[in-house]
Every structure is written in structure tokens, then in C-alpha cells.
Amino acid sequence: MNTPLAVTRIGHACQLIEIGETRILTDPWFTETATYHPGEQLATTVAGLGRIDAVVVSHEHYDHCDLDALLDGGFDLSVPLIGPGTVATIARAKGFRDVRAIEAWEATTVGPLVVTATPGEHGVHEVTFVLQAEGRTVFFGGDSLRVPELDTIPDRIGPVDLTILPTNGLCVRPLGMRQFVMDAEQAAGLTAALRPTLAIPHHYAFHSGRLGDRMMTKTDPDPRHYADAVARLAPDIEVRIVLTGERVQVP
């Protein structure tokens, strides 16, 4: 009988992943600024999270590494925080007491949980993560571009139960429309390579404000484009588009 595996979308790339009794928070973002808008209602506050056993942070951008919100919300600073060296430096300066710096293909453990950093690419230093415990495996893609090395995860680590991938293909207009996040088609290609039991898109509702959307960023806000692409490339893989606050049990 499979260990229970569930995920609750809090908003953007912030997810609460539960593997058995282990509860992992990904890429925390609980506030907004004039140019960073989640584009959707957050499912909870920091205080409403309940017990968290580990935090994984893919990179230092504010909308993925909102450590000030954790501090302001009374988060337990003894909870292990795991990320690349750039994130670890920030977390230590904020007062987090159990900070684990890992880079691509390095791993650390928290109780039964094994967190393996996998490659990422985003314009700043980023890693993605494989989260494993009690026979279940989750791939969390942060907001990375598609990195070809990620296709090797099933061979390196084993079968994947759940993928959580960005799909908005964010491009920066002043940089000649340079792309920084995988788009729906690229995310679908990676999904087909990883062959999860369930695939959930995220990182698509974000926007930069009315002026920012016109002058700075261009994104695809519709996750149905990802679902349609997966249906073409790997029709046997289930895709769920999940509202914030919805808790999904993975078969």
C-alpha cells in the first residue's frame, strides 16, 4: 500500500507537500509588492501553515524566497531550510538555524525525507528538487527553464509520482524577450520524459502589474495550454489544474 502523498497549492510556486507525516513547504511567497502580484488568492497565511518539517527554496528571487514573511509570521527558525548556496547565505543572515546548502545532484536528509537538488536555469542561480520519502517521489521545478539533464531523473533516481512544473514561459521585454521560465510546451516535454502518475502546473498566475505586464514581462497565464500539450505528448499522464487551497491526493 502506497504511503499517502498529497499537495496543497498555496499560491504561485508555494506548495505544501505531504509525504506520509512529513510536511514540506516549497518556495515561500506570502506578500506582494507594486511589481510582484501572485494573481490569485493565497490559500493560507504563514501562521496558518501548521507544522512544517522542511522548507525548500529554489532561488533567491523574492517571489520564491519570501523569508521576511516567514519571520514576520512567527515561523520556527529551527526548521531545516534547504536551497543552493545563494539562498543559504540569505537564510543564515535572516537567522534560520538549520540551513542546508546543496547544489545539483547533492542531497540532504530530514528524518525520512531525502531532498536532492537537481539542475535549474533561470537567469540567477537556481536548483530544482526531487523530494523522496517512504517510497514516494516528487519533482518540484521551481520556475526553471527546461534543462535537458532533468530528463535523466528517472534513470538516476527512479520513478516519479508527482511533477510540479512552471508553465508561463516568462520573457523579459527589455532583454529582447529573453525567456527565463519554461513554457507550456517545454514543461509538457519534460513531463513526458519524467512520466509521473500525476502532473500539476504552477507559476502561471503571476503578473507584474498593468504597467509591468506591458513594459517588462510577457507570460502565458493559461495552464490549459500545458494540459493540452501533455495530452498530445503523453496522453496517459493525468494533469490536474489545481485552485489555491485545494488539497490533492496523488494515487
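A short tour of the structure in this document, coming up.

## Description of a nonpolar patch on the surface
Where nonpolar side chains cluster on the molecular surface, the patch consists of L211, M215 and M216 and spans about 340 Å² of accessible area. Inspection of the secondary structure assignment puts M215 in helix 5 (residues 209-215). Relative accessible area serves as the criterion here: at 52%, M215 is assigned to the exposed category.

## Points about the side chain of T163
Within the secondary structure, T163 is located in strand 11 (residues 162-166). What T163 contacts, discounting residues up to four positions off in sequence, is F139, T191, L194, P196, L198, A199, I200 and Y226.

## What to know about the sheet that holds strand 5 (residues 81-83)
Taken in spatial order, the 7 strands of this open sheet run 6-5-4-3-2-1-17, and their pairing is mixed. Because the sheet does not close on itself, it has two edges, and the strands there are strand 6 (99-101) and strand 17 (247-249). Strand-to-strand twist across the sheet, computed as the mean angle between neighbouring axes with direction ignored, equals 20 degrees. With 3 bridges joining them, strand 3 (residues 22-26) and strand 4 (residues 54-56) adopt parallel strand pairing.

## Let's talk about the side chain of T217
By the secondary structure assignment, T217 is in strand 15 (residues 217-218). On the basis of relative accessibility, which here comes to 11%, the residue T217 falls in the buried class. Looking at T217, its side chain comes within polar contact range of the side chain of S208, at 2.8 Å. Once residues lying within four places of it in the same chain are set aside, the contact partners of T217 are L170, C171, R173, S208 and G212.

## Quick notes on the environment of E106
Here E106 is to be found in the loop between strand 6 and strand 7 (107-110). Those residues in contact with E106 that sit more than four places away from it in its chain are A101, V115, T116 and A117. A distance of 2.8 Å separates a polar side-chain atom of E106 from the backbone nitrogen of E103.

## Details of the layout of surface pockets
In this model, the largest pocket occupies a volume close to 340 Å³. Taken together, 17 residues line the largest pocket, and the ones lying closest to its centre are Y36, L170, V172, F206 and T217.

## With respect to the sheet that holds strand 11
If you trace the 7 strands from one edge of the open sheet to the other, you get 7-8-9-10-11-14-16, paired in mixed fashion. Strands with a single pairing partner mark the edges of an open sheet, and in this sheet they are strand 7 and strand 16 (238-239). Judged from the 5 bridges that link them, strand 11 and strand 14 (residues 198-202) form a sheet pairing that is parallel. For I164, the partnering residue across the bridge sits in strand 14 and is I200. Against the sheet, helix 4 (residues 184-194) makes contact with strand 10 (136-140), strand 11 and strand 14, and its axis sits at roughly 165 degrees relative to strand 11, the strand it touches most.

## Some points on the packing of aromatic side chains
Inspection of the entire model under this criterion finds 4 aromatic pairs. Seen from their ring centres, W29 and F206 are 6.3 Å apart, and the 50 degrees between their planes marks the pair as tilted. Here F206 lies in the loop between strand 14 and helix 5 and W29 lies in the loop between strand 3 and strand 4, a separation of 177 residues in the sequence. The same class applies to W29 and to F206, which are both buried. The rings of W29, Y36, Y62 and F206 are connected pair by pair, giving a single aromatic cluster. Over the face of the ring belonging to W105 we find R156, whose NZ or CZ atom lies 3.8 Å from the ring centre.

## Some thoughts on the pairing of strand 2 (residues 14-19)
Burial analysis of strand 2 places 6 of its 6 residues in the buried class, the great majority of the element. Burial along strand 2 is two-sided: the residues C14, L16 and E18 and Q15, I17 and I19 are all buried. Pairing of strand 2 with strand 3, which is carried by 5 bridges, proceeds in the antiparallel orientation. Bridge pairing in strand 3 places E18 opposite R23. Following strand 2, the chain reverses through 2 residues before pairing antiparallel with strand 3; G20 in that reversal takes a positive phi of roughly 60 degrees.

The rules behind each value
Residues numbered from 1 in each chain as written. Predicted model: local features only at pLDDT ≥ 70, side-chain atom pairs only at ≥ 80, totals over all residues. Heavy atoms only, no water. Patch = residues over 30% accessible without salt bridge, like charges linked within 9 Å, V, L, I, M, F, W, Y side chains within 5 Å. Areas by Shrake-Rupley, 256 points an atom, 1.4 Å probe, with all protein chains shown as cover. Salt bridge = Lys/Arg side-chain N within 4 Å of Asp/Glu carboxyl O. Helix = DSSP H or I, 4+ residues; strand = E, 2+ residues; numbered from the N terminus. Buried < 20%, exposed > 50% of the residue type's maximum accessible area, 1.4 Å probe, protein only. Contact = heavy atoms within 4.5 Å. Pairing = 2+ DSSP bridges. Axes fitted to C-alpha atoms, helices over the stretch in contact; angles between N-to-C directions. Polar contact = N/O pair within 3.5 Å; in protein donor to acceptor, adjacent residues only side chain to side chain. 1 Å grid on protein atoms, 1.4 Å probe; cavity = no way out; pocket = protein on both sides within 12 Å on 5 of 7 lines; lining within 4 Å. Points joined across faces, edges and corners; volume = space filled by probe spheres on them. Phe/Tyr/Trp six-rings, centres within 6.5 Å; stacked < 30°, edge-to-face > 60°. Lys NZ or Arg CZ within 6 Å of the ring centre and 35° of its normal.

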